[in-house]
Amino acid sequence: MTTTAVTATEASSPPVTFESLSPISGDVVGTHPVHTADDVASAVERARVEAEWWGALTFDERAKHLRTWKAVMTRRINQLAELMHAETGKPRGDALLEIALGIDHLAWASGNAGKHLKRRRVASGLLMANQAAHLEYRPLGVVGVIGPWNYPVFTPLGSISYALAAGNAVVFKPSEYTPGVGEWMARMFLEAVGRPVLSVVTGYGETGAALCRAGVDKLAFTGSTATGKRVMAACAESLTPVVIEAGGKDAVIIDDDADLAAAADATLWGACANAGQTCAGVERVYVHERVYDDFLAQLTAKARDLRAEDSEDTKIGPITMPAQLDVIRTHIDDALARGGRAVVGGADAVGERYVQPTVLVDVPEDSLAVTEETFGPTVTVTKVASMAEAIERTNASRYALGSTVFAKKNAQEIAAQLRCGMTAINGVITFAAIPSLPFGGVGESGFGRIHGADGLREFTYAKATARQRFKPMMALTTFDRTEKADQQLVKIMSLLHGRGSTLPKR
Ligand code: NDP
């Protein structure tokens, strides 16, 4: 990733700082410290003290603190939206929506942690009927969270809320493009709770790499697949477990009985919202040949009305990370050079800061615009002869984060055949806004889950306890076990598990 300027002198006199810049104007939004490996190690050490206190609270006590934090952020929602707008360039309305969804996750995580994690009795089985079996999910200790810039509130909160609700302290390293947003959330936490159970370290990739090596008990990474691999390699040195939420190349599949107006609306929003900088954004569309022309006409008509520009009421902001402009341009050029056509946008769509919506057709399946994450407001639309072909093409990607199906009769059946973490039916990216649903990918989109009960458990370890209630009828786990006990065991086993086969007994 490219870096913004370090503003402090090159001399060793601390602290070295860097600036976050507005992608709209290039103006300085804020100045932040570049935290060194030593700073990160100290932050993790301090977090360990907080983890002791926080982890010893009851689920209800933690939920109360998290509710206060939620209320403080909600009451200052406009302040946070303004900061997000300044650091990412995204329209204020989009920032408000993002915060609202993030806060909803925080509410769910804090309200449901006890239900999914607290100690409970589980069946002990016939062989161990004399045992009382209990299971609980305990906090790991200190969780490191590394977040991207594209959704600087929603995405990190997907890890932070669930890790905190599960009883962990968190050290968060926001992207170098959105350090102010990360610091703001931690400041609100301190104000609400009075202790820095959530703390922030800022800087470039090196600061993130230092967090991987700082002895955290788990590292939750959200970002590109390439960086995810580096994070995993660094964490492997100390066997630190990781959650990797990486990139995507999500497809929309449209069957011949779909509501085409709704499909066109959702496709355009899914492809262009947040200027296309969405991990689970729409990048490919596969449409049944019987409705292809009709769908394309509706999509292009809507797309032509949409402009990315520097204005107060724009619906599409700038590309936040300048280096991404080259990637988007390369993907469009490659598609056009290989026989594709732009029915909206095209070669000139990529400007100095903004990218205009671009709809590409007739693009070969092995071109960059189909195989690689573009992360811009572009989409390829491809005609297919059947839903089987659409499914095959969708599943051919090495990415497998989310997907969308627009269909009536066979929607569920199509969704069931898609190999990816989430599928929205007759809507787009809706799964991300349902807190009880887990979120995460397969293949190069990563592994592990945030959100939902799985997301809570991701930041815990399972603790199993077996307590003897009375002496066993058959003493099995002793060297005093008799031959008679062995024979009894064989009889019980054939009663319990020996049926269902016609092969002769030996
Ligand atoms: P990057 O992978 O470039 O960066 C992600 C984070 O990792 C940043 O905080 C970055 O810091 C940090 N980082 C960079 N190098 C290292 C390193 N060697 N060790 C540890 N941390 C490091 O991703 P982007 O910020 O560009 O985000 C966009 C990507 O995120 C897209 O691929 C998108 O699909 C994906 N994403 C995935 C989501 C999901 O849930 N699956 C959700 C949202 C985005 P710095 O910025 O300071 O370099």
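Just so we're clear, the structure is a prediction, and the values are computed from it rather than from any experiment. (Residues numbered from 1 in each chain as written. Predicted model: local features only at pLDDT ≥ 70, side-chain atom pairs only at ≥ 80, totals over all residues. Heavy atoms only, no water.)

### Notes on the domain arrangement of the protein chain
Okay, step 1: Under the domain assignment, the protein chain is made up of domain 1 (3–246 + 451–461) and domain 2 (250–435).
Okay, step 2: Spacing between the C-alpha centres of domain 1 and domain 2 amounts to 30 Å.
Okay, step 3: Interface area for domain 1 against domain 2, summed over the two sides, is near 2,000 Å², with a carbon-plus-sulfur share of 56%.
Okay, step 4: Inspection of the domain 1/domain 2 interface yields one salt bridge.
Okay, step 5: A salt bridge links E312 to R92; the shortest N-O distance between them is 3.1 Å.
Okay, step 6: One can count eleven residue pairs in polar contact (both at pLDDT 80 or more) joining domain 1 with domain 2.
Okay, step 7: Elements represented by at least two residues in the side of domain 1 that touches domain 2 include exactly α3 (77–88), α4 (92–117) and α5 (154–165).
Okay, step 8: The greatest single-element share of the side of domain 1 that touches domain 2, amounting to seven residues, is contributed by α4.
Okay, step 9: For the side of domain 1 that touches domain 2, the class distribution of residues is twelve nonpolar, ten polar and five charged. (Domains from an automatic or database assignment. Buried area = accessible area lost by both parts, 1.4 Å probe. Salt bridge = Lys/Arg side-chain N within 4 Å of Asp/Glu carboxyl O. Polar contact = N/O pair within 3.5 Å; in protein donor to acceptor, adjacent residues only side chain to side chain. Helix = DSSP H or I, 4+ residues; strand = E, 2+ residues; numbered from the N terminus. Nonpolar A, V, L, I, M, F, W, Y, C, P; charged D, E, K, R; others polar.)

### Comments concerning the pairing of strand β16 (residues 402–406)
Okay, step 1: Here β16 lies mainly inside the structure; five of its five residues are buried.
Okay, step 2: As paired strands, strand β10 (residues 250–254) and β16 are joined by four bridges and run parallel to one another. Residue pairing for β16: I253 is matched across the bridge by V405.
Okay, step 3: Across four bridges, β16 lies against strand β17 (residues 422–425) in parallel orientation. Looking across to β17, one finds that S403 is bridged to T423. (Buried < 20%, exposed > 50% of the residue type's maximum accessible area, 1.4 Å probe, protein only. Pairing = 2+ DSSP bridges.)

### Description of the sheet that holds strand β8 (residues 218–222)
Okay, step 1: Strands sit in the order β7-β6-β5-β8-β9-β19 across an open sheet of six strands; the sheet is mixed. The two strands at the open ends of the sheet, each matched to only one other strand, are β7 (198–200) and β19 (446–447).
Okay, step 2: Sheet contacts for helix α6 (residues 179–193): β6 (169–173) and β7; angle to β7, the most-contacted strand, approximately 150°.
Okay, step 3: Lying on the sheet, helix α8 (residues 225–236) is in contact with β5 (142–146), β8, β9 (242–245) and β19; it crosses β9 at an angle near 175°. (Contact = heavy atoms within 4.5 Å. Axes fitted to C-alpha atoms, helices over the stretch in contact; angles between N-to-C directions.)

### Things to note about the packing of helix α1 (residues 37–56) against helix α7 (residues 205–212)
Okay, step 1: Running from amino to carboxyl end, α1 crosses α7 at an angle of 45°, the nearest separation of the two axes being 9 Å. The angle between α1 and α7 falls in the class oblique. α1 and α7 meet at a crossing whose hand is right-handed. In this structure, α1 uses A37, V40 and V44 to contact α7, whose residues at the interface are T207, A210 and L211.
Okay, step 2: For the contact of α1 with α7, the residue count by class is five nonpolar, one polar and no charged. (Parallel < 35°, antiparallel > 145°, perpendicular 65-115°, else oblique. Left-handed = near helix turned anticlockwise from the far one by under 90°.)

### So, the sheet that holds strand β3 (residues 120–122)
Okay, step 1: Here we have three strands laid out as an open sheet, ordered β3-β4-β20, and antiparallel in their pairing. Every other strand in the sheet has two partners, leaving β3 and β20 (460–468) as the edge strands with one partner each. If you compare each strand with its neighbour and ignore which way they point, the axes differ by 35° on average.
Okay, step 2: With three bridges joining them, β3 and strand β4 (residues 131–139) adopt antiparallel strand pairing. Residue pairing in the sheet places R121 in a bridge with H134 of β4.

### Side note on the layout of surface pockets
Okay, step 1: Estimated volume of the second largest pocket: approximately 430 Å³.
Okay, step 2: Along its surface, the second largest pocket is lined by 24 residues, and L101, Y151, F154, T278 and I429 are the ones closest to its centre.
Okay, step 3: Elements supplying a minimum of two residues to the lining of the second largest pocket: α4, α5 and α9 (260–272).
Okay, step 4: Ranked by residue count, the leading element in the lining of the second largest pocket is α4, at four residues.
Okay, step 5: Residue classes in the lining of the second largest pocket are distributed as 14 nonpolar, six polar and four charged.
Okay, step 6: Each of domain 1 (3–246 + 451–461) and domain 2 (250–435) accounts for three or more of the residues forming the lining of the second largest pocket. (1 Å grid on protein atoms, 1.4 Å probe; cavity = no way out; pocket = protein on both sides within 12 Å on 5 of 7 lines; lining within 4 Å. Points joined across faces, edges and corners; volume = space filled by probe spheres on them.)

### Concerning the site of the ligand
Okay, step 1: Around the ligand, the structure places 32 residues, and the nearest of them are G147, S224, T227, A246 and E373.
Okay, step 2: With respect to the ligand, the backbone of G223 contributes an N or O atom lying 3.4 Å from an oxygen atom.
Okay, step 3: One of the side-chain nitrogen or oxygen atoms of S224 is found 2.7 Å away from an oxygen atom of the ligand.
Okay, step 4: Isolated, the ligand exposes 910 Å² of accessible area, and the fraction of that covered by the protein chains is 93%.
Okay, step 5: If you list the elements that add at least two residues to the shell around the ligand, you get α7, β8 and α8.
Okay, step 6: When grouped by side-chain class, the residues that make up the shell around the ligand number 15 nonpolar, twelve polar and five charged.
Okay, step 7: Both domain 1 (3–246 + 451–461) and domain 2 (250–435) contribute no fewer than three residues apiece to the shell around the ligand. (Near = heavy atom within 4 Å. Areas by Shrake-Rupley, 256 points an atom, 1.4 Å probe, with all protein chains shown as cover.)

### A word on the pairing of β17
Okay, step 1: Of the two faces of β17, only the one carrying M422 and A424 is buried; T423 and I425 on the other face are not.
Okay, step 2: Running through helix α14 (residues 411–416), the crossover from β16 to the neighbouring parallel element β17 is right-handed. (Right-handed = clockwise from strand over helix to strand, strands pointing away.)

### Quick word on the environment of K115
Okay, step 1: Positionally, K115 belongs in helix α4.
Okay, step 2: Considered as a pair, K115 and E483 are 368 residues apart in the sequence and their alpha carbons are 45 Å apart.

### What to know about the packing of aromatic side chains
Okay, step 1: This structure, assessed with the given rule, holds seven aromatic pairs.
Okay, step 2: Arranged with centres 5.2 Å apart and planes meeting at 50°, the rings of F18 and Y204 form a pair that is tilted. Of the two residues, F18 is situated in strand β1 (residues 17–21) and Y204 in the loop between β7 and α7; the sequence distance between them amounts to 186 residues.
Okay, step 3: On the numbers, 6.2 Å between centres and 45° between planes, the contact of F431 with F439 is tilted.
Okay, step 4: Members of the aromatic cluster, each reached through a chain of ring pairs, are W53, W54, W69 and F189.
Okay, step 5: In this structure, R62 is placed above the aromatic ring of F59, and the distance from its NZ or CZ to the ring centre is 5.0 Å.
Okay, step 6: A cation over a ring is seen here: R457 above Y137, with NZ or CZ 5.0 Å from the ring centre. (Phe/Tyr/Trp six-rings, centres within 6.5 Å; stacked < 30°, edge-to-face > 60°. Lys NZ or Arg CZ within 6 Å of the ring centre and 35° of its normal.)

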